[in-house]
Amino acid sequence: MVFGIGTKNIGIDLGTANTIVYEEGKGIVLREPSVVAKNTKTGEVVSVGSEARDMIGRTPESIVAIRPMKDGVIADYDTTVSMMQYYIQKALGNKANKPYVMVCVPSGVTEVEKRAVIDATRVAGARDAYTIEEPFAAAIGAGLPVMDPTGNMVVDIGGGTTDVATISLGGIVSSRSIRMAGDKIDEAIISYVRKNFNLLIGERTAEQLKMDVASASVEAAKDIESQSIRGRDLVSGLPQTVEIEAVDVAKAIQEVVQEIIVAIKETLEETSPEIAADVIDHGIVLTGGGALLKHLPEVISEATKVPVFVASEPLDCVAIGTGESLKSIEVMKDK
């Protein structure tokens, strides 16, 4: 393929929680939440990204803040197109040539879901669009030798999905994609606080708790300080502040952590003895926002008896890998 002169080709990590844009030759040029605020009466887009995220739970009836991506796939097609249009224009400015765009998708998506991503990207202003599977992009972004005849294992824990894959010779050998990731951790925290503290908290509060005090290990959480949270008391209906222990948050998210571990074990069970031996040698690499969950590498390592490492830039691995794959776009076209 001959790219147009002056065309800036881009890679997009179109995530459930965040969208990251990688521009060829520049690196990451944009990082925004995957949120769009729309006027329900006119259908007009009010704001996109950080501004729209700040509106979640705080909008009047006429405005609704939408996350158009759910579980790693498009849930609201038109809103996704509007969001991508905004991000492509914001990243590239008013450059004359339309870009070729590489977009990442979870490893378990159907052909229909993949087609929806390609169509949405074209409608949003791409000259042409291609897809790359998230764990493969994450492995490239983490600097793993994906083209070598050696087995590597990557676990990408995003907002909507956790993608687990073993990779060798430029392809995915075995993989699992489960809808247990960052959003499910937030939901588990909201549910636990409601049930045990009679307090209703919002998504933003749950996310803050996850980042500040959540631990994959109940035992290790005993050493983390408690945190005050504000919400609405379900008995009185009034605003209330409650002190919550890190151990409680750890207990709340145990089911999600265990589901991720099961997916990793199942993927390992499907691999050949040679690749399993390589994974023991090289370890499992964690990427995505979920990789930052406290004590997660230790918990996974204990369960699998394999060394576990967090990639150097876990939040950016998928976007970097998606952008890097633009260099071999001819190969990706055939995938």
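Residues numbered from 1 in each chain as written. Predicted model: local features only at pLDDT ≥ 70, side-chain atom pairs only at ≥ 80, totals over all residues. Heavy atoms only, no water.

The name given to the protein chain in an unreviewed UniProt entry is Cell shape-determining protein MreB, with Ligilactobacillus salivarius as the source organism. Among the UniProt annotations of the protein chain, the heading Sequence similarities (unreviewed entry) holds the following wording: "Belongs to the FtsA/MreB family." The UniProt entry for the protein chain carries this comment under Function (unreviewed entry): "Forms membrane-associated dynamic filaments that are essential for cell shape determination. Acts by regulating cell wall synthesis and cell elongation, and thus cell shape. A feedback loop between cell geometry and MreB localization may maintain elongated cell shape by targeting cell wall growth to regions of negative cell wall curvature." (UniProt positions renumbered as here; feature names shortened; annotations may be inferred.)

**Q** Looking at this structure, I do not really get the confidence of the model for the protein chain. What am I missing?
**A** Low-confidence regions, as indicated by low pLDDT, have predicted coordinates that should not be scrutinised in detail. Looking at the protein chain, pLDDT values average 91 and 95% of them are 70 or higher. Per-element confidence in the protein chain is highest for strand β17 (residues 284-287), whose mean pLDDT is 98, and lowest for helix α11 (residues 329-333), whose mean pLDDT is 58. This model gives residues 1-5 a pLDDT under 50, and the stretch forms 13 contacts once residues within four places in sequence are excluded. (pLDDT = per-residue confidence, 0-100. Helix = DSSP H or I, 4+ residues; strand = E, 2+ residues; numbered from the N terminus. Contact = heavy atoms within 4.5 Å.)

**Q** Would you explain the pattern of salt bridges in this entry?
**A** Oppositely charged side chains can form a pair if their charged atoms are brought close together. As enumerated under the stated definition, the model contains 14 salt bridges in all. Its salt-bridge partner being Lys90, residue Glu32 comes within 2.7 Å of it at the nearest N-O pair. One end of the pair, Glu32, is in strand β3 (residues 27-33); the other, Lys90, is in helix α2 (residues 77-92), and 58 residues separate them in sequence. A residue is classified by how much of its surface remains accessible, and Glu32, at 10% relative accessible area, is buried. Given the relative accessible area of 44%, Lys90 is considered partly exposed. For Asp183, the salt bridge identified is with Arg67, shortest N-O distance 3.3 Å. Remark: Arg67 occurs in the loop between β6 (63-66) and β7 (69-70) and Asp183 occurs in helix α5 (residues 182-197); sequence separation between them is 116 residues. Several salt bridges share partner residues, and in doing so they unite Asp71, Glu113 and Arg179 into one network. (Salt bridge = Lys/Arg side-chain N within 4 Å of Asp/Glu carboxyl O. Buried < 20%, exposed > 50% of the residue type's maximum accessible area, 1.4 Å probe, protein only.)

**Q** Could you clarify how one ought to interpret the sheet that holds strand β16 (residues 239-244) in this entry?
**A** Paired through their backbone hydrogen bonds, the strands of a sheet run either parallel or antiparallel. Spatially, β14-β15-β16 is the arrangement adopted by the three strands of the open sheet, whose pairing is antiparallel. Two strands lie at the open edges of the sheet, namely β14 (199-200) and β16, each paired on one side alone. In terms of strand pairing, strand β15 (residues 227-233) meets β16 through six bridges, oriented antiparallel. Among the inter-strand pairings, Ser228 is bridged to a residue of β16, identified as Glu243. (Pairing = 2+ DSSP bridges.)

**Q** Would you take a moment to explain the pairing of β17 for this structure?
**A** A regular strand places its side chains on the two faces of the sheet in alternate fashion. Here β17 shows no split at all, with Ile284 and Leu286 on one side and Val285 and Thr287 on the other all buried. With four bridges connecting them, strand β11 (residues 152-157) and β17 associate as parallel partners. Following the sheet pairing, Met153 is matched in β17 by Ile284. Strand direction decides the pairing type here: β17 and strand β18 (residues 308-310), joined by three bridges, are parallel. Counted as the bridge partner of Val285 is Phe309 from β18. Handedness of the β-α-β unit built from β17, helix α9 (residues 296-304) and β18 comes out right-handed. (Right-handed = clockwise from strand over helix to strand, strands pointing away.)

**Q** Which parts of the structure should I look at to understand the domain arrangement of the protein chain?
**A** Interface size, as often reported, equals the accessible area lost upon joining of the parts. Each domain of the protein chain was delimited in the assignment, giving domain 1 (10-136 + 318-333), domain 2 (144-180 + 254-314) and domain 3 (182-252). Here the C-alpha centre of domain 3 lies 30 Å away from the C-alpha centre of domain 1. Contact with domain 1, which involves seven residues of that partner, is made by four residues of domain 3. For the pairing of domain 1 and domain 3, the buried interface totals around 500 Å² over both sides, and the portion due to carbon and sulfur atoms is 29%. On the domain 1 side of the contact with domain 3, Arg53, Ile56 and Arg67 bury the most area, a combined 62% of that side's loss. Run the count over domain 1 and domain 3 and you get two salt bridges. For the pair domain 1 and domain 3, the number of links is two residue pairs in polar contact (both at pLDDT 80 or more). Partitioning the side of domain 1 that touches domain 3 into residue classes produces one nonpolar, one polar and five charged. (Domains from an automatic or database assignment. Buried area = accessible area lost by both parts, 1.4 Å probe. Polar contact = N/O pair within 3.5 Å; in protein donor to acceptor, adjacent residues only side chain to side chain. Nonpolar A, V, L, I, M, F, W, Y, C, P; charged D, E, K, R; others polar.)

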